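Summary of the model geometry
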Amino acid sequence: MVVFINNLKRDLDGTTSIADLLNILQIEKTRGLALAVNNQVVPKVDWNTFSFQENDHVTIIRATQGG
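Below is a short write-up of the structure. (Residues numbered from 1 in each chain as written. Predicted model: local features only at pLDDT ≥ 70, side-chain atom pairs only at ≥ 80, totals over all residues. Heavy atoms only, no water.)

Brief notes about the packing of aromatic side chains
Tallied over the entire structure, the rule returns one aromatic pair. Measuring from ring centre to ring centre gives 5.6 Å for Phe-50 and Phe-52, while their planes differ by 75°; the resulting arrangement is edge-to-face. Phe-52 gets classed as buried once you look at its relative accessible area, which sits at 3%. (Phe/Tyr/Trp six-rings, centres within 6.5 Å; stacked < 30°, edge-to-face > 60°. Buried < 20%, exposed > 50% of the residue type's maximum accessible area, 1.4 Å probe, protein only.)

In structure tokens, the structure reads:
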């Protein structure tokens, strides 16, 4: 299945959750991380159960401190 992660095309196996995707991308620290699918924010409590669909557009954002 093809999805677009921050506008980059990526092939994923069948049923992949957000938690699975973060493991694939080797993103271990999720504090300050936000994720939207097709411009809809997905709450962290749903990351283990959310399943991607063909051609979903995923945006991953990490909040940072600064001034």
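Description of the side chain of Asp-56
Inspection of the secondary structure assignment puts Asp-56 in the loop between β4 (40-41) and β5 (57-62). In this structure, Asp-56 is buried with no salt-bridge partner, the nearest side chain bearing the opposite charge being Arg-10 at 14 Å. With residues up to four places along the chain from it excluded, the contact list for Asp-56 reads Val-2, Val-3, Phe-4, Val-37 and Asn-38. (Helix = DSSP H or I, 4+ residues; strand = E, 2+ residues; numbered from the N terminus. Lys, Arg positive; Asp, Glu negative; His and termini not counted. Salt bridge = Lys/Arg side-chain N within 4 Å of Asp/Glu carboxyl O. Contact = heavy atoms within 4.5 Å.)

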